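Residues per chain, in single letters:
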Amino acid sequence: MLKAKIILVALGAALAVPQALAGSTPEEDRKETVEYFKQMFPDVAIEEFVNGQYALDEDRRSQWESMQDFPPYEFAVAEGQEMFETPFANGKTYASCFDNGGIGIRQNYPYFDAGKNEVITLELAINRCREANGEKPLGWKKGAIASISAYMASTSQGKPINIKVPDDPDAMAAYQDGKEFYYSRRGQLNFSCASCHVQNPGKWIRADLLSPTLGQPANFPVHRSKWGELGTLHRRFAGCNNNVRAEPLPAQSEEYRNLEYFLTYMSNGLPVVGPATRP
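Parameters at a glance
- Residues numbered from 1 in each chain as written.
- Predicted model: local features only at pLDDT ≥ 70, side-chain atom pairs only at ≥ 80, totals over all residues.
- Heavy atoms only, no water.
- Axes fitted to C-alpha atoms, helices over the stretch in contact; angles between N-to-C directions.
- Helix = DSSP H or I, 4+ residues; strand = E, 2+ residues; numbered from the N terminus.
- Parallel < 35°, antiparallel > 145°, perpendicular 65-115°, else oblique.
- Contact = heavy atoms within 4.5 Å.
- Nonpolar A, V, L, I, M, F, W, Y, C, P; charged D, E, K, R; others polar.
- UniProt positions renumbered as here; feature names shortened; annotations may be inferred.
- 1 Å grid on protein atoms, 1.4 Å probe; cavity = no way out; pocket = protein on both sides within 12 Å on 5 of 7 lines; lining within 4 Å.
- Buried < 20%, exposed > 50% of the residue type's maximum accessible area, 1.4 Å probe, protein only.
- Core = buried A, V, L, I, M, F, W, Y, C linked by side-chain atoms within 4.5 Å.
- Phe/Tyr/Trp six-rings, centres within 6.5 Å; stacked < 30°, edge-to-face > 60°.
- Lys NZ or Arg CZ within 6 Å of the ring centre and 35° of its normal.
- Disulfide = S-S within 2.5 Å.
- Points joined across faces, edges and corners; volume = space filled by probe spheres on them.
- Expected span 1.5 Å × (residues − 1).

Focus: the packing of helix H9 (residues 233-243) against helix H10 (residues 254-265)
(1) Moving on: Taken N-terminus to C-terminus, the directions of H9 and H10 make an angle of 105°; their axes are 11 Å apart at the nearest point. As judged from the angle between their axes, H9 and H10 are roughly perpendicular. Contacts between H9 and H10 involve Leu-233, His-234, Phe-237, Ala-238 and Asn-241 on the former and, on the latter, Tyr-256, Arg-257, Leu-259, Glu-260 and Leu-263.
(2) Moving on: For the contact of H9 with H10, a count of residues per class yields six nonpolar, two polar and two charged.

Here it is in structure tokens:
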């Protein structure tokens, strides 16, 4: 763990990122992250960061707002609701696997399960629910799982993200692993996640306007014009790894789940707005 902290201190200095991200508690990290982006974008209200690049560019925001009356993910969300409510072969439904019948709970994911000693994402919980009820798991990145997750997210819209890192060494290790992944450089381009989303948000890379770290997980699943469909957060993680010419990891790998844990904690208190659209 000491070695990891030394690495993160060096990365923090190289990127001019918030100093708390080189160590300290998750809550200190989050507060420092919020303050960092407030100073970087003083004219952006804190709750607006969930809108990513649309909070930073007026032209893109107006284009985005024009499609909100008929969002391209609308039918997928309806299909997700139908699948969510359709009984499995044993007569049970997804509602039997989740608190509050799976309604209005998106803001609590991912969480650390001390019994299983791992981070549980919403998509992982969806597939484990299926398997517990004798059904085959769904693909992780798109299709049915994205639609079901999008429907569940839609029932939490406006609820503040509420991720916990319990006072448990294994939970803290998972959080720290996610943080280290976020700030570690990889691939032929030698980029980290932070290279784009901490050091350079608001700048352009080719046709892409880079969004800030803060608020990113609040949008997912997202419908990207590039994809032409809904996709999960881990699909986006894999795409980012490809963009920097690094080998992407399997969706729902331990590394990606820990990354999601760290990244979502940074957005605690911001509202769920998923599903959403992105270029």
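We are not done yet, so read on.
Comments concerning unusual backbone geometry
(1) Moving on: For the bond from Tyr-109 to Pro-110, the omega torsion is 0°, close enough to zero to count as cis.
(2) Moving on: For Pro-110, the location among the structural elements is in the loop between helix H4 (74-85) and strand E1 (111-113).
(3) Moving on: A cis amide bond, omega -5°, links Phe-220 with the succeeding residue Pro-221.
(4) Moving on: In this fold, Pro-221 is placed in the loop between strand E4 (208-209) and strand E5 (222-224).
(5) Moving on: The backbone of Asn-117 sits at a positive phi, close to 55°, despite the residue not being glycine.
(6) Moving on: Counting through the fold element by element, Asn-117 comes out in the loop between E1 and strand E2 (118-120).

Thoughts on the UniProt feature "binding site: heme c 1" (unreviewed entry) in the protein
(1) Moving on: When the UniProt feature table is mapped onto this chain, "binding site: heme c 1" (unreviewed entry) is found at Cys-97 and Cys-129. For the residues just named, distributed over 33 residues, the greatest C-alpha separation is only 5.9 Å, placing them together at one site. Lining the second largest pocket, from the residues just named, are Cys-97 and Cys-129.
(2) Moving on: Following the sequence through the fold, Cys-97 ends up in the loop between H4 and E1.
(3) Moving on: On the accessibility criterion, Cys-97 (35% relative accessible area) is partly exposed.
(4) Moving on: Each residue touching Cys-97, except ones within four places of it in the same chain, is listed here: Cys-129 and Asn-133.

Considerations on the nonpolar core
(1) Moving on: The biggest cluster of nonpolar side chains holds 40 residues, and the ones touching the most others in it are Phe-37, Tyr-175, Tyr-182, Val-198 and Tyr-261.
(2) Moving on: Breaking this core down by element, the ones donating at least two residues are helix H2 (26-40), helix H7 (169-183), helix H8 (193-197), H9 and H10.
(3) Moving on: Core analysis: the next-biggest nonpolar cluster, separate from the first, contains 23 residues, Ile-105, Tyr-109, Leu-122 and Leu-124 among them.

Points about the packing of aromatic side chains
(1) Moving on: Evaluated as defined, the whole model comprises 15 aromatic pairs.
(2) Moving on: Sitting above the plane of the Phe-181 ring, Arg-186 keeps its charged end 3.7 Å from the centroid.
(3) Moving on: Of note, Arg-224 hangs over the ring of Trp-227, and the distance from its end group to the ring centre comes to 5.2 Å.

Comments concerning the state of the cysteines
(1) Moving on: Counted according to the given criterion, the structure contains one disulfide.
(2) Moving on: Note on cysteine connectivity: Cys-97 is disulfide-linked to Cys-129, with sulfurs 2.1 Å apart. Its S-S torsion of approximately 75° makes the covalent link between Cys-97 and Cys-129 right-handed. Linking Cys-97 in the loop between H4 and E1 with Cys-129 in helix H5 (residues 122-132), this pair joins segments that are 32 residues apart in sequence.
(3) Moving on: Sulfur of Cys-196: no disulfide; nearest cysteine sulfur belongs to Cys-240 and is 7.4 Å away.

Here we look at empty space enclosed by the protein
(1) Moving on: In the structure shown here, the tally under the stated rule is one cavity of 30 Å³ or more.
(2) Moving on: Lining the largest cavity, in full, are Arg-106, Gln-107, Tyr-109, Ala-153, Ile-161, Pro-217, Ala-218, Phe-220, Thr-264 and Val-272.
(3) Moving on: Taken together, the residues of the lining of the largest cavity break down into seven nonpolar, two polar and one charged.

Examining the environment of Val-272
(1) Moving on: As for its position among the elements, Val-272 is in the loop between H10 and strand E7 (276-278).
(2) Moving on: Measuring from C-alpha to C-alpha, the distance between Val-272 and Thr-155 comes to 9.4 Å, with 117 residues separating the pair along the chain.
(3) Moving on: Among all residues touching Val-272, those that are not within four sequence positions of it are Arg-106, Gln-107, Ala-153, Ser-156, Gln-157, Gly-158, Lys-159, Ile-161 and Ala-218.

Overview of H10
(1) Moving on: A rise of 1.5 Å per residue sets the reference length of H10, with its twelve residues, at 16 Å; its end C-alpha atoms lie 17 Å apart and thus fit the reference within 8%.
(2) Moving on: Among the twelve residues of H10, ten are classified as buried, and the element is accordingly described as predominantly covered.
(3) Moving on: Looking only at H10, the buried set comprises Tyr-256, Arg-257, Asn-258, Leu-259, Glu-260, Tyr-261, Phe-262, Leu-263, Thr-264 and Tyr-265.
(4) Moving on: In this structure, the buried residues of H10 make contact with H2, E1, E2, H5, H7 and H9.

Focus: the UniProt feature "binding site: substrate" (unreviewed entry) in the protein
(1) Moving on: UniProt's feature table lists "binding site: substrate" (unreviewed entry) at Arg-236, given in the numbering used throughout.
(2) Moving on: For Arg-236, the location among the structural elements is in helix H9.
(3) Moving on: Classification of Arg-236 by relative accessible area gives partly exposed; the value is 22%.
(4) Moving on: Setting aside chain neighbours within four positions, we find Arg-236 in contact with Phe-220, Arg-224, Trp-227 and Asn-243.

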